[in-house]
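Geometric and topological summary
Here is what each chain is made of, one letter per residue.
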Amino acid sequence: KLDCLMENRTRLTNKTQTTITNQCHFANTMEKFSIRASVIFAVAFSLFTSKTSSSRIWKVSAFGIRLDGARKPSPPYSLQKFRRKQTIIFGKNNYKQIAHSKLFQAITLNDTGDASEERERSKLGGVPIISRNIPIDIKIPTESSESHLRNNNDTRKGMIRKRFDITIWEMEKPSELIQAWWTFDESERQATGDPFGTVMWPGSILASMEMMRQHYIRDFSQTYMSEQHETSSKPPFKNATVLILGAGTGVEAQTAALLGAKKVVATDINQFTLRLLDYGAKRMVESYQNVFGKSMSGVVEAHYFDIFSETPLPESDIIIAADVLYNPELAAQVGRRIYEAISKNDTIPKLIVTDSQKFHGTDFLVGVKELKELSSLLRERGLEELQWEMRQLSQVRGSGVLVDEDQTYDVDVRMICWGWDIQ
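Residues numbered from 1 in each chain as written. Predicted model: local features only at pLDDT ≥ 70, side-chain atom pairs only at ≥ 80, totals over all residues. Heavy atoms only, no water.

Notes on the overall build of the chain
The helix and strand tally for the chain stands at 13 helices and 12 strands. Burial statistics for the chain: of 423 residues in total, 46% are counted as buried. Partitioning the intrachain contacts of the chain with sequence separation of at least 6 by distance along the chain shows that 71% fall at a separation of at least 24. (Helix = DSSP H or I, 4+ residues; strand = E, 2+ residues; numbered from the N terminus. Buried < 20%, exposed > 50% of the residue type's maximum accessible area, 1.4 Å probe, protein only. Contact = heavy atoms within 4.5 Å.)

Regarding the sheet that holds strand β4 (residues 127-141)
Taken in spatial order, the three strands of this open sheet run β3-β4-β5, and their pairing is antiparallel. Lying at the two open borders of the sheet, with one neighbouring strand each, are β3 (121-124) and β5 (159-171). The average undirected angle you get between the axes of adjacent strands in this sheet is 40 degrees. Sheet topology places β3 next to β4; four bridges connect them, and they run antiparallel. Note that in β4 the partner of Arg 121 across the bridge is Ile 130. Packed on one face of the sheet, helix α9 (residues 251-258) meets β4 and β5 and runs near 135 degrees to β5. (Pairing = 2+ DSSP bridges. Axes fitted to C-alpha atoms, helices over the stretch in contact; angles between N-to-C directions.)

Here we look at the side chain of Glu 170
Within the element layout of this structure, Glu 170 appears in strand β5. Among residues more than four places away in sequence, those in contact with Glu 170 are Arg 119, Pro 128, Ile 129, Ile 130, Arg 132, Thr 198, Val 199, Met 200, Thr 249 and Leu 276.

Observations concerning the packing of aromatic side chains
Here the structure, examined in full by the defined rule, presents six aromatic pairs. Ring geometry for Trp 181 against Phe 196: centres 5.7 Å apart, planes inclined by 75 degrees, an arrangement best described as edge-to-face. One end of the pair, Trp 181, is in helix α6 (residues 174-182); the other, Phe 196, is in the loop between α7 (186-192) and α8 (202-224), with 15 residues separating them in the sequence. In this structure, Trp 181 and Phe 196 share a single accessibility class: buried. On the numbers, 5.6 Å between centres and 55 degrees between planes, the contact of Phe 364 with Trp 388 is tilted. (Phe/Tyr/Trp six-rings, centres within 6.5 Å; stacked < 30°, edge-to-face > 60°.)

Quick look at the nonpolar core
In terms of nonpolar packing, the biggest core is built from 50 residues, with Ile 136, Val 242 and Val 264 touching the most fellow members. Ranked by residues supplied to this core, first place goes to α8 with eight residues. Among all residues touching Ile 136, those that are not within four sequence positions of it are Lys 162, Arg 163, Phe 164, Ile 166, Ile 205, Ser 208, Met 209, Met 212 and Val 251. Counting residues in each nonpolar core, the second largest holds 38 residues, with Trp 181, Trp 182, Ile 319 and Ile 416 among its members. (Core = buried A, V, L, I, M, F, W, Y, C linked by side-chain atoms within 4.5 Å.)

With respect to the pattern of salt bridges
Enumeration according to the criterion identifies 19 salt bridges in this entry. We note a salt bridge from Asp 278 to Lys 282, for which the minimum N-O separation is 3.1 Å. Taken as a pair, Asp 278 and Lys 282 lie in helix α10 (residues 271-292) at a separation of four residues, close to a single helical turn. In this structure, Arg 336 and Glu 370 form a salt bridge, with 3.9 Å as the shortest nitrogen-oxygen distance. Of this pair, Arg 336 sits in helix α11 (residues 328-343) while Glu 370 sits in helix α13 (residues 369-381), and the two are 34 residues apart along the sequence. Assessed through its relative accessible area of 21%, Glu 370 is described here as partly exposed. Ionic contacts of the salt-bridge type, sharing partners, join the residues Arg 119, Arg 132, Glu 170, Arg 397 and Asp 406 into one network. (Salt bridge = Lys/Arg side-chain N within 4 Å of Asp/Glu carboxyl O.)

Some remarks on α9
Owing to its 3.6 residues per turn, the α-helix aligns residues three or four sequence positions apart on the same side. Taken across its eight residues, α9 has eight buried, putting it largely inside the fold. Taken together, the buried positions of α9 are Val 251, Glu 252, Ala 253, Gln 254, Thr 255, Ala 256, Ala 257 and Leu 258.

Some words on the pairing of strand β9 (residues 318-322)
Of all five residues in β9, five are buried; the element is thus mostly enclosed. Here strand β6 (residues 241-245) runs beside β9; their pairing, made up of four bridges, is parallel. Bridging from a neighbouring strand, Val 242 pairs with Ile 318 of β9. Sheet analysis places β9 next to strand β10 (residues 350-355), joined by five bridges and oriented parallel. Bridging across to β10, Ile 319 finds its partner in Leu 351.

Concerning α11
End to end, α11 covers 22 Å across 16 residues, agreeing with the expected 22 Å (1.5 Å per residue, within 8%). Of the residues that open α11, the one with a side-chain oxygen 3.1 Å from the backbone nitrogen of Glu 329 is Asn 327. (Expected span 1.5 Å × (residues − 1). Polar contact = N/O pair within 3.5 Å; in protein donor to acceptor, adjacent residues only side chain to side chain.)

Points about the side chain of Glu 252
Within the secondary structure layout, Glu 252 lies in helix α9. Among buried Asp, Glu, Lys and Arg side chains, Glu 252 stands out as unpaired, with Arg 132 the closest opposite charge at 12 Å. Ignoring any residue separated from it by four or fewer positions in sequence, one finds Glu 252 in contact with Ser 204, Ala 207, Ser 208, Met 211, Ile 244, Ala 247, Ile 320 and Ala 322. (Lys, Arg positive; Asp, Glu negative; His and termini not counted.)

Here's the deal with the packing of α11 against α13
At their nearest, the axes of α11 and α13 sit 9 Å apart, and the two run at 30 degrees to each other. With respect to α13, the axis of α11 lies roughly parallel. Handedness of the crossing formed by α11 with α13: left-handed. Side by side, α11 and α13 meet where Gly 335, Arg 336, Tyr 339, Ile 342 and Ser 343 of the first sit next to Glu 370, Leu 371, Glu 373, Leu 374, Leu 377, Leu 378 and Arg 381 of the second. Looking at the contact of α11 with α13 residue by residue, the class counts come to six nonpolar, two polar and four charged. (Parallel < 35°, antiparallel > 145°, perpendicular 65-115°, else oblique. Left-handed = near helix turned anticlockwise from the far one by under 90°. Nonpolar A, V, L, I, M, F, W, Y, C, P; charged D, E, K, R; others polar.)

Right under this line is the structure:
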């Protein structure tokens, strides 16, 4: 009996050891599989979002995955930390919309733009910068009617084409700067200013197109229809003072100068962005001074301005704010500044506001108390209230923002265009 007992005990011990060994082997196998799956996912995701070359595979900037041996690896970012940093920048819950916004969809769209564009390269304070040509192309109807003015799809005969080729300068590799900015604390961000103005945004294209449309529809009326129709309208940008909030690389600033503005006050909070804007504006002056037969030197002035400060807005005839509503706090403050400009000045300025991102909580017409008061004031004066309208831009070619390559994409942009018929 004792021998049988000892034999059963030995058999049970061996079975237990075998089970433990199998469990250890299974755990090791799963660990290896997990590591391999992670590596495969990283490679697949980077190939999906970025181009490859024989020398290197580009990083996936958003998550810090980097397979480029030629550069120093960036610090890894977990998805949780990535979302937390986006919450700080864009406001609560906005990171949930980022996956659906055109800005971040651009990362995965096919690059079908014109790759033959010749782009110049230079350095500004030791930072590599690169030029970008932006065609601002519109068609003006030969009938000066508001319905034609608002109709982007009018392809009938009797259209006059107007085009500016705007050349701005951007930071060549903005993704690393933007990723680094997310790691800054609040005091460092306030000291440097946000870096999003170092690249062109689609809202500036729509704003520039609308500026040209509002100007030339009245220029045509005054030039060709004054004998047939009495009209008091005049080209609004001629000899006007234009204020641009969050001017960025200066697409709208150059457009305003080319339309004949006497003075363009282009403001931003980032000093390097202001240097980019000034650099592009000076190159524009050199390119166009022989075309217009007059010097435009000094027309565009780049100024630091914080809209959260207590400093009053500079006086102006026209205010432009393109793609500056990328978090609720900033959008609300832009709304308050619009209230200030319209309600507290003797001369009512004309206004264009565009927003291509449409993040959650950035509709200042809804959430800002001062704008509700402004609506009542405008109704009392018999003036049109502020309201959004939707426009679509097709085949916009711009920076990938979070990846280094350019992207081509379609985008719906909301816009406020107000006060252009007020004499």
